[in-house]
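Residue-level listing of the chains:
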Amino acid sequence: GDDTGTPIALAALLTGTLVGTVSNNVVNVPLTDILDDFDAPLGRGVLVVVGFLLTFAATMPLAGYIADRYGRRRVYCAALVGTAVCSAGAATAPNLEVLIAWRALGGLAAAVFAPAVMGLIAWLFGPRRRARAVGAWASVNGIGQAVGPSLGGLMADAWGWRWVFVPLIPVALLGLVLTLRSVPRYPARVMRLDKLGAATLTVGAALVILAVTLVGSGAVPLWISGVLAVAAVVLLTVCVVHCRRVPVPFLDIGDIVEPRFVRSALAAFAQMFALGATLLVIPLYVVGDGGSTSFAGALLFALPATMAILAPVVGGISDRVGARRVLRTGLVVLCASQVALGVVTIVDA
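Because the structure is a prediction, the values reported are computed rather than measured.

## Some remarks on empty space enclosed by the protein
What the rule picks out here adds up to one cavity of 30 Å³ or more. The volume enclosed by the largest cavity comes to roughly 90 Å³. Along its surface, the largest cavity is lined by S23, F52, T83, C86, S87, A90, W102, R103, G106, F165 and L168. Only α5 (72–91) and α6 (96–124) provide two or more residues apiece to the lining of the largest cavity. Per-class residue counts for the lining of the largest cavity are six nonpolar, four polar and one charged.

What follows is the structure in structure tokens.
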């Protein structure tokens, strides 16, 4: 700590960031090939994508605690190993169910990357260099969003969908070696865990995502999704009531319900929902319409590439005219673009 971070240490941390982002979206483009190979309907195949996101989103709050409790470097290294193992498992999966299971386990590993990496950056880099380190982290995140779909499309076209997971293995292991050599041990801290709060939040969030996914997939009767949704509401309600009563809650409800946080969270949700839906649906549409997976991957590259290019420009505009105005304008543009995509695809169909 104390501003002792080196460029190699930063590279080691950014490697995990890249692997986590790419492993999330690398299957979006070749999903049609996966469905054809296993002769599976779209409703079940979507779980290859959503299974990763489900475990990733549901366990991320708990991942931050685990990183602090057992040591950020140790947990980060475990996540790199886990990503390599899950990628190998996905590449050799004999059926769709096993592939979904490996993807869900991969989401667990990837959930560790953001809190562990950001915590290690804050620990290793002092105030003078921290902003640049965080900027590098954000850039690599954008690069991962751009590379994942394109890499998946090109490799699936050239060698088959199983190969899209293979590059993740050596990159994750390289990150492990660099981390062990350049990142000092982070001391573990004995911390009290609000077990009930953590359990109800994690399971409740997972059930919300699962219920919504199953409704859209049509893979199970509607009443099952309804039961899952009701269970999720009950668990999240218990979490809120419990966290309001205990002195050291897992979730500080006062911060969560603060109006500015709620507005920002809803805006972030809208942006990520639109991004995720576009990265999933457009490849299915293009490939289903006769296009190649390579073309679908190249087409998707435009979206995150535009985000990466415009990010510095938008930051400068925010400083001049205010973040709220920029946020509102961005949401309007986002809504208009999603409507336009819907119109184009419906008319063309």
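## So, the side chain of S182
Checked against the element boundaries, S182 lands in helix α8 (residues 168–182). A polar contact is formed between the side chain of S182 and the backbone oxygen of L178, at a distance of 2.5 Å. Sequence-distant contacts of S182, defined by excluding residues within four places in its chain, comprise T6, I8, A9 and A12.

## Observations concerning the packing of aromatic side chains
In this structure the tally under the stated criterion is five aromatic pairs. Here the aromatic rings of F52 and F56 are separated by 6.2 Å at their centres, their planes lie at 15°, and the arrangement is stacked. Of the two residues, F52 and F56 are both situated in helix α4 (residues 47–70); the distance of four residues between them amounts to about one turn of the helix. Taken together, a centroid distance of 5.8 Å and an interplanar angle of 75° make the contact between Y76 and F113 edge-to-face.

## Structural notes on a nonpolar patch on the surface
On the surface, I309, L310, V313, V314, I317 and V321 cluster together into a nonpolar patch covering about 480 Å² of accessible area. On the secondary structure map, V314 appears in helix α13 (residues 293–321). Relative accessible area serves as the criterion here: at 36%, V314 is assigned to the partly exposed category.

## Structural notes on the environment of G330
Within the secondary structure, G330 is located in helix α14 (residues 323–348). The exposure class assigned to G330 is partly exposed, which follows from its relative accessible area of 37%. A C-alpha to C-alpha distance of 24 Å links G330 and L53, two positions 277 residues apart in sequence.

## What to know about the pattern of salt bridges
Should the charged atoms of two oppositely charged side chains come close, the side chains can pair. Scanning the model with the defined rule gives one salt bridge in all. Put simply, D68 and R72 hold a salt bridge, and the shortest N to O gap is 2.8 Å. Judged by its relative accessible area of 13%, R72 is buried.

## Focus: helix α10 (residues 222–245)
Here α10 spans 35 Å end to end across 24 residues, near enough to the 34 Å set by a 1.5 Å rise per residue. Those residues of α10 that fall on the buried side of the exposure criterion are S225, L228, A232, C239, H242 and C243.

Conventions used here
Residues numbered from 1 in each chain as written. Predicted model: local features only at pLDDT ≥ 70, side-chain atom pairs only at ≥ 80, totals over all residues. Heavy atoms only, no water. 1 Å grid on protein atoms, 1.4 Å probe; cavity = no way out; pocket = protein on both sides within 12 Å on 5 of 7 lines; lining within 4 Å. Points joined across faces, edges and corners; volume = space filled by probe spheres on them. Helix = DSSP H or I, 4+ residues; strand = E, 2+ residues; numbered from the N terminus. Nonpolar A, V, L, I, M, F, W, Y, C, P; charged D, E, K, R; others polar. Polar contact = N/O pair within 3.5 Å; in protein donor to acceptor, adjacent residues only side chain to side chain. Contact = heavy atoms within 4.5 Å. Phe/Tyr/Trp six-rings, centres within 6.5 Å; stacked < 30°, edge-to-face > 60°. Patch = residues over 30% accessible without salt bridge, like charges linked within 9 Å, V, L, I, M, F, W, Y side chains within 5 Å. Areas by Shrake-Rupley, 256 points an atom, 1.4 Å probe, with all protein chains shown as cover. Salt bridge = Lys/Arg side-chain N within 4 Å of Asp/Glu carboxyl O. Buried < 20%, exposed > 50% of the residue type's maximum accessible area, 1.4 Å probe, protein only. Expected span 1.5 Å × (residues − 1).

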